[in-house]
Amino acid sequence: MANLTSEYLGIRSPNPFWLASAPPTDKAYNVNRAFEAGWGGAVWKTLGEDPPIVNVNGPRYSTLHSNERRVIGFNNIELITDRPLQTNLDEIRQIKRDWPDRALVVSVMLPMDEQTWAKYIPMIEDTGADGLELNFGCPHGMSERGMGAAVGQVPEYIQMVAEWCKKVATVPVIVKLTPNVANIVPPAKAAKDGGADGVSLINTINSIMRVDYDTLTMYPTTDGMGTHGGYCGEAVKPIALNMVAEIARNPDTADLPLSGIGGITNWRDAVDFLALGASNVQVCTAAMVYGFKIIDDLVDGLSAFLDDKGMASVSALVGAAVPSVTDWQYLNLNYVEKAVIDQDLCISCGRCHIVCEDTSHQAITHTVNGERHFEVIDEECIGCNLCVCVCPVDGCITMRPVTDGIDARTGEKINTEKANWTTHPNNPMRKQG
Amino acid sequence: MVSTKRSQEPQSSRLSKAEIEDNFGDLHPPLSRSEALIEADRCYFCYDAPCTTACPTGIDIPGFIQKIRSDNIRGSAYTILRENIMGGMCARVCPTEVLCEEACVRNLHEEKPVSIGRLQRFATDPVFEQATQLFSRADASGRKVAVVGGGPAGLSCAHRLATLGHDVVVFNRDSKPGGLNEYGIAAYKTIDDFAQKEVDYILSIGGIEVRNDVAMGDDFTLQQLRDDYDAVFLGIGLAAVNELGMDGDDMTGVDNAIEYIAELRQADDKSALPVGRNVVVIGGGMTAIDIAVQSKRLGAERVDIVYRRGPDQMGASRYEQELAQTSGVTIHHWARPLRLHGGGKVTSIEFARTSFDDKGKLKATKDTFVLDADVVFKAIGQRLADDDVVDLKVQHGRIVVDDSQATSLADVWAGGDCVTGGDDLTVSAVQHGKVAAIAIDTYLRK
């Protein structure tokens, strides 16, 4: 069995699965249940100054559903903790005492004032918590007050607050980044420059879920008015993975330890984040949709995967896929693939044909010798993968590399030498040989 | 089916009213909204979908399912009804397992097709419940068409003609329109008087006058209609019943299945219907299944279907055969009736086992068996009533028609069970009526 023990910024946990700072980590009661279920760690829901903020007393959450009401995307307008600071501090202290082997990090969000940070950080550390996570990510409510994403969208602010914290903190400081930026690298670089020990990402994405078709107001509302919330859940994973990979592959930030967040629902999602450079992962939505029991699949799915790969520990997986991520300009333009339909698996739904016919390259038949039959026309196939994407049968359509002979589409011989845009004759900016 | 009264004679109230009500509840209860959304999600939205090809009326099935998925139920109903105005009844009675659902590509993937029939009912039920008019009539053409027969073929033809702007008079031999939807078809497939709701919906388009209790031959002739109307459509079904062709056919207790079913369908109180204790049904089609299952559900103690060939040759689908078997009916294959026993009243019936001879012809063997019977139902098919079809070209007992349902007379079209190529399905009759209406419209506008 692979060893799932995780160490992130020196903070140890029995597995790399932490609950993210969010409603599931607002109270000792919940965190206690999470640890009983087997979660490796938790980031306590963001603390703020007293008096505590208040939340709306109506819908805080909304979802993007499939027809069978599977939750695909999730949105919330809940703010940071609405309980008195001392209540939270007392409970954090008790939990850390009861669960010494679990990671317990505290999220914090304070006004842009050095004295305030200097005042609260020692109070939080006094609970025995293992680390601090600076919430520069929440995109709703708190950002209107100059906190959360309002900080995370300005690299100079990130660096400044990180510096304030590092002056007083004795435990690791993690900066939680907002995805509501054009480029994730400058905020990550700012956190690093401010001395942060690591960054966690992503926080939620600005979003409105839909309108109410009866009232023609946005949905949901609080007494007829609504506001954008933060989007998360399975639907945001690809956005999060890109941001994690961008930080992991940029030389300025590649050495910054990452905690991956965004739509992790099963162990495969965790593998995505770890392989693209995250050292551990944080989960919220999946727990809010299914309860804490999902940790069972996360843990033994990842463990079995590592065993299959012959990896002894999680760290062997971290960053494994990062070298495969590059800029478009470096992709090999001489490489050719064609789609292949396995006729034994094909159920003749015709979806590959119609999407190729209507929206792509007319490269899949519909009728052959008068029979309904779906076959790739190599002379037309550009290898775009659309048919693979829409085929309802797993493994029925696959992509076949064409490594020698002639490309039936171009009529040209396959060139096995790699060549990319930087040297392509059509590129006016090409590098001269 | 617990308190069967053990009389040898056909008698009523073998079961309590409550038991019978329960036995004649909806065979396939409607899908809830959640069930429909989940089932709709299973549709792959195939291109040039095999289900649509398999549907005799060519309903755009992926199209109507897609609209269920997006909560566009009225649009979904229109997609169905514009091709098949009896989409509501067909959702209940179509043998989908040998039509659209047999063609569903899901069969190749996981051996469980999308429940197209039940989705079709989900989409169309609200239209009939709320009487939502989805159709409108074209400008009046000033032409008048006679439709003979108030069954699926005739009503389908009448509705399409009405939407195309023509006026229609339907001559119906029964006292209510609907044909076999109203008088045939097992009661548990069409509960709550759905057949009449559907008729009302069809007639609500306007321009269709129905004259009930008038029969061709008795009250008018085809020639009169040809003289008085611009075109004629015949959807006259098969009014005569085939006979066993053996002694005792007229004994008490030997009845035609379709007549009993009609009586059952029209009964206000099914518990008042006399039902036999030992019921034997002869035949292998849907009518045989319908009479057998309904007899059982009315409280018959023992019901046997005897069919002269094997399960694959039965007109009833595998699903229907299984429905009979799970309802407690025993199906005997490869046997045909030899003689009826009893004085004035039937007491039993003797069968000879059958097999194919060297030439592949079915023949009776010497092997015989006897089944006790106080009721014998004949469900061996119907045929054209002879005087219905004077003047028309007829082949193998059916009116000859071409692809546009045109008969040998230039101004007469025909469809439904009475024509060649008919397969005794409501859905096919609806298609015949629709195709004929389009052809008639072209003819009238020449």
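Treat the numbers as computed from the prediction; the structure is a model and nothing was measured.

1. Details of the overall build of chain B
Phase 1: Looking only at helices and strands, one finds 17 helices and 17 strands in chain B.
Phase 2: Taking 446 residues into account, the globule formula puts the C-alpha radius of gyration at 22 Å, and chain B, at 22 Å, falls close to it.
Phase 3: Dimensions along the principal axes, computed over C-alpha positions, put chain B at roughly 65 × 55 × 50 Å.
Phase 4: The proportion of buried residues among the 446 residues of chain B is 56%.

2. Let's talk about the side chain of Thr365 of chain A
Residues and elements named next belong to chain A.
Phase 1: Structurally, Thr365 is set in the loop between helix 11 (351-359) and strand 18 (367-368).
Phase 2: Its relative accessible area of 16% is what places Thr365 among the buried residues.
Phase 3: A polar side-chain atom of Thr365 sits 2.8 Å from the main-chain carbonyl oxygen of His373.
Phase 4: Within the structure, the side chain of Thr365 is placed 2.8 Å from the backbone nitrogen of Glu375, a separation counted as a polar contact.
Phase 5: Residues within four places of Thr365 in sequence aside, it is in contact with His353, His373, Phe374, Glu375 and Ile377.

3. Digging into the confidence of the model for chain B
Residue and element names in this part refer to chain B.
Phase 1: Scored by pLDDT, chain B has a mean of 93; 98% of the residues are at 70 or more.
Phase 2: Here residues 1-5 is modelled with pLDDT under 50, and outside its nearest four sequence neighbours on either side it reaches 19 contacts, counting other chains as well.
Phase 3: Complex prediction metrics read pTM 0.89 and ipTM 0.85.

4. Quick notes on the interface of chain B and chain A
Phase 1: The partner chain A presents 13 residues to the 13 residues of chain B that form the contact.
Phase 2: Considering only the side of chain B, the residues that lose the most area to chain A are Tyr44, Tyr47 and His109 of chain B, jointly responsible for 47% of the buried surface there.
Phase 3: Summed over the shared surface of chain B and chain A, the number is one salt bridge.
Phase 4: A salt bridge links Arg372 of chain A to Asp48 of chain B, with the nearest nitrogen and oxygen atoms 3.7 Å apart.

5. Notes on the layout of surface pockets
Phase 1: Taken as a whole, the second largest pocket holds about 610 Å³ of empty space.
Phase 2: Residue lining of the second largest pocket: 21 residues in total, with His65, Ser66, Arg69 and Arg210 of chain A together with Arg33 of chain B positioned closest to the centre.
Phase 3: Within the residue set of the lining of the second largest pocket, elements represented by two or more residues are strand 5 (61-65) of chain A together with helix 2 (33-41) of chain B.
Phase 4: In terms of residues, the lining of the second largest pocket owes the most to one element, strand 5 of chain A, which gives five residues.
Phase 5: When its residues are assigned to classes, the lining of the second largest pocket shows eight nonpolar, seven polar and six charged.

6. Some points on the pattern of salt bridges
Phase 1: Tallied over the entire structure, the rule returns 43 salt bridges over all chains.
Phase 2: Across the pair Lys166 of chain A and Asp197 of chain A runs a salt bridge whose closest N-O atoms are separated by 2.9 Å. Placement of Lys166 of chain A in helix 5 (residues 155-168) and of Asp197 of chain A in the loop between helix 6 (185-193) and strand 10 (198-201) is noted, with a sequence separation of 31 residues between them.
Phase 3: Measuring nitrogen to oxygen at the nearest pair gives 2.7 Å for the salt bridge that ties Asp71 of chain B to Arg33 of chain B. Taken together, the positions of Asp71 of chain B in the loop between helix 4 (61-69) and helix 5 (73-81) and Arg33 of chain B in helix 2 put the pair 38 residues apart, joining distant regions of the chain.

7. What about the sheet that holds strand 6 (residues 254-256) of chain B?
Residues and elements named next belong to chain B.
Phase 1: If you trace the five strands from one edge of the open sheet to the other, you get 6-13-7-8-9, paired in parallel fashion. Every interior strand has two partners, whereas the edge strands, strand 6 and strand 9 (330-332), have only one. On average, each strand axis in the sheet is inclined to that of its neighbour by 25 degrees, with strand direction left out of account.
Phase 2: Sheet analysis places strand 8 (residues 302-306) next to strand 9, joined by three bridges and oriented parallel.

8. A look at the packing of aromatic side chains
Residue and element names in this part refer to chain B.
Phase 1: Under the defined criterion, the tally for this structure stands at 15 aromatic pairs over all chains.
Phase 2: Centre to centre, the rings of Phe24 and Tyr188 are 6.3 Å apart; their planes meet at 45 degrees, and the pair counts as tilted. Of this pair, Phe24 sits in the loop between helix 1 (17-23) and helix 2 while Tyr188 sits in the loop between helix 11 (180-183) and helix 12 (194-203); the two residues are 164 residues apart in sequence, bridging distant segments of the chain. Residue Phe24 shares its accessibility class with Tyr188, and that shared class is buried.
Phase 3: A ring pair is formed by Tyr260 and Phe377, whose centres lie 5.1 Å apart and whose planes are at 55 degrees; its orientation type is tilted. With Tyr260 in helix 14 (residues 257-266) and Phe377 in strand 13 (residues 375-378), this residue pair connects regions lying 117 residues apart in the sequence. Like Phe377, Tyr260 is buried.

9. Things to note about the environment of Gly184 of chain B
All names here are of chain B.
Phase 1: Relative to the helices and strands, Gly184 is located in the loop between helix 11 and helix 12.
Phase 2: Note on Gly184: relative accessible area 8%, which makes it buried.
Phase 3: Sequence separation between Gly184 and Tyr260 is 76 residues; the distance between their C-alpha atoms is 9.2 Å.

10. Brief notes about the environment of Ile438 of chain B
Phase 1: As for its position among the elements, Ile438 of chain B is in helix 17 (residues 426-444).
Phase 2: Spatially, the C-alpha atoms of Ile438 of chain B and Thr96 of chain B are 26 Å apart, while their sequence positions differ by 342 residues.

11. Structural notes on the domain arrangement of chain A
Phase 1: On domain assignment, one finds that chain A holds domain 1 (6-324) and domain 2 (329-423).
Phase 2: Computed from C-alpha coordinates alone, the two centres of domain 1 of chain A and domain 2 of chain A are separated by 40 Å.

12. Observations concerning the pairing of strand 16 (residues 278-283) of chain A
Residue and element names in this part refer to chain A.
Phase 1: Most of strand 16 is tucked away, with six of its six residues classed as buried.
Phase 2: Where strand 3 (residues 17-19) meets strand 16, three bridges bridge the pair, whose relative direction is parallel. Residue pairing across strands places Leu19 opposite Val283, the latter belonging to strand 16.
Phase 3: With four bridges connecting them, strand 15 (residues 258-261) and strand 16 associate as parallel partners. When the sheet's bridge partners are listed, Gly260 is paired in strand 16 with Val281.
Phase 4: Following the backbone out of strand 15, through helix 8 (residues 267-275) and into the adjacent parallel strand 16, one traces a crossover that is right-handed.

13. Topic: the nonpolar core
Phase 1: Membership of the largest hydrophobic core comes to 86 residues, with the highest contact counts inside it found for Trp39, Trp117, Val175 and Leu201 of chain A.
Phase 2: Per-element tally for this core: the top contributor is helix 7 (residues 237-249) of chain A, with seven residues.
Phase 3: If sequence neighbours within four positions are ignored, Val175 of chain A has contacts with Leu134, Phe136, Ile158, Ala162, Ala191, Ala196, Gly198, Val199 and Ser200 of chain A.
Phase 4: Counting residues in each nonpolar core, the second largest holds 80 residues, with Cys352 of chain A together with Cys51, Ile68 and Val105 of chain B among its members.

Reading guide: rules and limits
- One numbering rule holds for all chains: residues counted from 1, following each sequence as written.
- Starting at A for chains and at 1 for ligands, labels are handed out in the order in which the entities are written.
- Owing to the predicted nature of the model, reporting of local features is limited to residues with pLDDT of at least 70; listing and counting of side-chain atom pairs is limited to 80 or more, with chain, interface and lining totals taken over all residues.
- The side-chain quantities take in all heavy atoms of the structure and omit both hydrogens and water.
- By definition, any uninterrupted DSSP run of H or I lasting at least four residues is a helix, any uninterrupted run of E lasting at least two residues is a strand, and each is numbered from the N terminus.
- The size measure is the radius of gyration over C-alpha atoms, and the globule rule it meets is 2.2 Å times the number of residues to the 0.38 power.
- Only protein chains enter the area calculation, which uses a 1.4 Å probe; residues under 20% of their type maximum are buried, those over 50% are exposed, and those in between are partly exposed.
- Distance and chemistry together define a polar contact, namely a pair of N or O atoms within 3.5 Å, with one atom able to donate a hydrogen and the other to accept it when in protein, and with adjacent residues in sequence counting only for side-chain atoms on both sides.
- Throughout, a contact is declared for two residues whenever any of their heavy atoms are within 4.5 Å.
- Confidence scores labelled pLDDT are given residue by residue by the predictor and lie between 0 and 100.
- Two parts placed together each lose some accessible area; with a 1.4 Å probe, that loss summed over both constitutes the buried area.
- Salt bridge, as used here: a side-chain nitrogen of Lys or Arg that lies within 4 Å of a carboxyl oxygen of Asp or Glu.
- Only protein atoms enter the 1 Å grid used here, on which a cavity is any set of points holding a 1.4 Å probe that cannot leave and a pocket is any open set flanked by protein within 12 Å on both sides along at least five of seven lines; residues with an atom within 4 Å of a point are listed as lining.
- Grid points are joined across faces, edges and corners, and a volume is the space filled by probe spheres set on the points.
- Note on residue classes: Ala, Val, Leu, Ile, Met, Phe, Trp, Tyr, Cys and Pro are nonpolar, Asp, Glu, Lys and Arg are charged, and everything else, Gly too, is polar.
- By this definition, two strands are paired if DSSP reports at least two bridges between them.
- With axes taken as lines fitted to C-alpha atoms, and helix axes fitted only over the stretch in contact, angles between N-to-C directions fall between 0 and 180 degrees.
- Any Phe, Tyr or Trp ring, taking Trp's six-membered ring, that has another such ring centre within 6.5 Å forms a pair; planes under 30 degrees apart are called stacked, those over 60 apart edge-to-face, and the others tilted.
- Domain extents, as shown, originate in an automatic or database domain assignment.
- Think of it like this: strands point away, you trace from the first strand over the helix to the second, and a clockwise trace means the crossover is right-handed.
- By convention a nonpolar core is built from buried Ala, Val, Leu, Ile, Met, Phe, Trp, Tyr and Cys residues, the set being connected through side-chain atoms within 4.5 Å.

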